[in-house]
Amino acid sequence: MNIKDIFAIEKKPLKGLLTVEWVILGYLVLTLLLVFFTYTKIQNPESLIWGRVRVVALTAAVWGVYRMYPCRFTLLCRVALQMLLLSWWYPDTYSLNRIFPNLDHLFASYEQQLFGCQPALLFSQAVTSPVFSELMYLGYVSYYPLIAAIAVYYFFKRYQEFNRTVFVILASFFIYYVIFIFLPVTGPQYYYLAAGMDNIANGIFPNVHDYFATHEESLPMAGYSDGMIYLSYLDTHTYGERPTAAFPSSHVGITTILLFLAWRAKSRPLFWSMVPFYVLMCLATVYIRAHYVIDVFGGWVSAVIIYLLLQWLWNMTKRSY
């Protein structure tokens, strides 16, 4: 694909919304109904409602730009907008799931029964190398660059499959977001502090009930605190992280799906260049105390199910036309 192709007017432009835009609007309506039904329990429900209005307005605006100048570039802008909005949708899950009782005590107990300890507590204590710590944070912050890499590769190299690919990626996110809303698990970095480190060290996992409805404090991040990558992630963590979205690990789940898409692209350099970051990602989620090990297992299993489901749905949707 050359520059002329990107800006060339399409002969048969898409008239309606992209499949992925319908998915996002469906999630928007679902969560809006939840806001209405739990209006008195949610903090600042008006901000959630107006936030959704802004999402609709932005989606309509970029759709209008595409209709005025239908080309591959303006189509890419429509997709890029929805990917950028993920940074808003993610903390939004915390606004909704904190109205439900927290379940971390169950997941920490399952972890203890399975391993006889809390790996998220011990991993960073056992491996204190600054180099290893920086590699862990490198793996964790590679999340969004890997998403962009897959989307950009399909856009330039396999454009006929671009819409399918971004549908799989973004629909996966919103499936995980639905799970996170109705399965409120915060992960070790939040629960350990709420439960008390002495309790955790002694294998005691108290039920903190609705503690996270009013608390967002977390443990200091594990690892080498003077590392360049650590410090760069610290700013992102402070801005965007919330006590939500622990099980299953969407970091592991989404990157597993990205690996499937890289393999589907039949680009071995793309696939194998992602593998090291994927391994670091899976280790890092536990090392930095973002997840329990069972969250990683959940990420693997859910990724396979979601990927196969979305590929099937895409094929069924297109076959019906």
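All of these numbers come straight from a predicted model, not from anything done at the bench.

Asks: Before we go on, may I ask you to explain a nonpolar patch on the surface in this structure?
Replies: A surface patch of nonpolar side chains, amounting to about 710 Å² of accessible area, comprises Ile3, Phe7, Ile9, Val65, Met68, Tyr69 and Phe73. Taken together, the elements giving at least two residues each to the nonpolar patch come down to helix 1 (3-7) and helix 3 (45-68). Positionally, Ile3 belongs in helix 1. Its relative accessible area of 59% is what places Ile3 among the exposed residues.

Asks: Just checking my understanding: could you explain the packing of helix 5 (residues 86-97) against helix 10 (residues 162-182) for this structure?
Replies: It is at 9 Å that the axes of helix 5 and helix 10 come closest, and there the two elements cross at 15°. On the basis of their axis angle, the class for helix 5 and helix 10 is roughly parallel. Considering how the two elements wind past one another, helix 5 and helix 10 form a crossing that is right-handed. Contacts between helix 5 and helix 10 involve Leu86, Trp89, Tyr90, Thr93, Leu96 and Asn97 from the first element and Leu170, Phe173, Phe174, Tyr177, Phe180 and Ile181 from the second. The residue makeup of the contact of helix 5 with helix 10, split by class, is 10 nonpolar, two polar and no charged.

Asks: I tried to follow the packing of aromatic side chains on my own but got confused; where do I start?
Replies: For any two aromatic rings, the description comes down to two numbers: the centre-to-centre distance and the angle of the planes. Tallying each qualifying case throughout the model produces 34 aromatic pairs. Ring geometry for Trp89 and Phe174: centres 5.8 Å apart, planes at 80°, overall edge-to-face. Placement of Trp89 in helix 5 and of Phe174 in helix 10 is noted, with a sequence separation of 85 residues between them. Ring geometry for Phe132 versus Tyr287: centroids 5.5 Å apart, planes at 70°, classification edge-to-face. You can see Phe132 sitting in helix 8 (residues 130-141) and its partner Tyr287 sitting in helix 15 (residues 268-287), a full 155 residues away along the chain. Since its relative accessible area comes to 24%, Phe132 is described here as partly exposed. A relative accessible area of 0% means that Tyr287 is categorised as buried. Taken together through their ring pairs, the aromatic side chains of Tyr27, Trp88, Trp89, Tyr143, Tyr144, Phe173, Phe174, Tyr176, Tyr177 and Phe180 make up a single cluster. When the ring centre of Tyr159 is taken as reference, the NZ or CZ atom of Arg72 above it lies at 3.9 Å. Above the ring of Trp263, the side-chain terminus of Arg268 is found at 4.0 Å from the ring centroid.

Rules behind the numbers
- Residues numbered from 1 in each chain as written.
- Predicted model: local features only at pLDDT ≥ 70, side-chain atom pairs only at ≥ 80, totals over all residues.
- Heavy atoms only, no water.
- Patch = residues over 30% accessible without salt bridge, like charges linked within 9 Å, V, L, I, M, F, W, Y side chains within 5 Å.
- Areas by Shrake-Rupley, 256 points an atom, 1.4 Å probe, with all protein chains shown as cover.
- Salt bridge = Lys/Arg side-chain N within 4 Å of Asp/Glu carboxyl O.
- Helix = DSSP H or I, 4+ residues; strand = E, 2+ residues; numbered from the N terminus.
- Buried < 20%, exposed > 50% of the residue type's maximum accessible area, 1.4 Å probe, protein only.
- Axes fitted to C-alpha atoms, helices over the stretch in contact; angles between N-to-C directions.
- Parallel < 35°, antiparallel > 145°, perpendicular 65-115°, else oblique.
- Left-handed = near helix turned anticlockwise from the far one by under 90°.
- Contact = heavy atoms within 4.5 Å.
- Nonpolar A, V, L, I, M, F, W, Y, C, P; charged D, E, K, R; others polar.
- Phe/Tyr/Trp six-rings, centres within 6.5 Å; stacked < 30°, edge-to-face > 60°.
- Lys NZ or Arg CZ within 6 Å of the ring centre and 35° of its normal.

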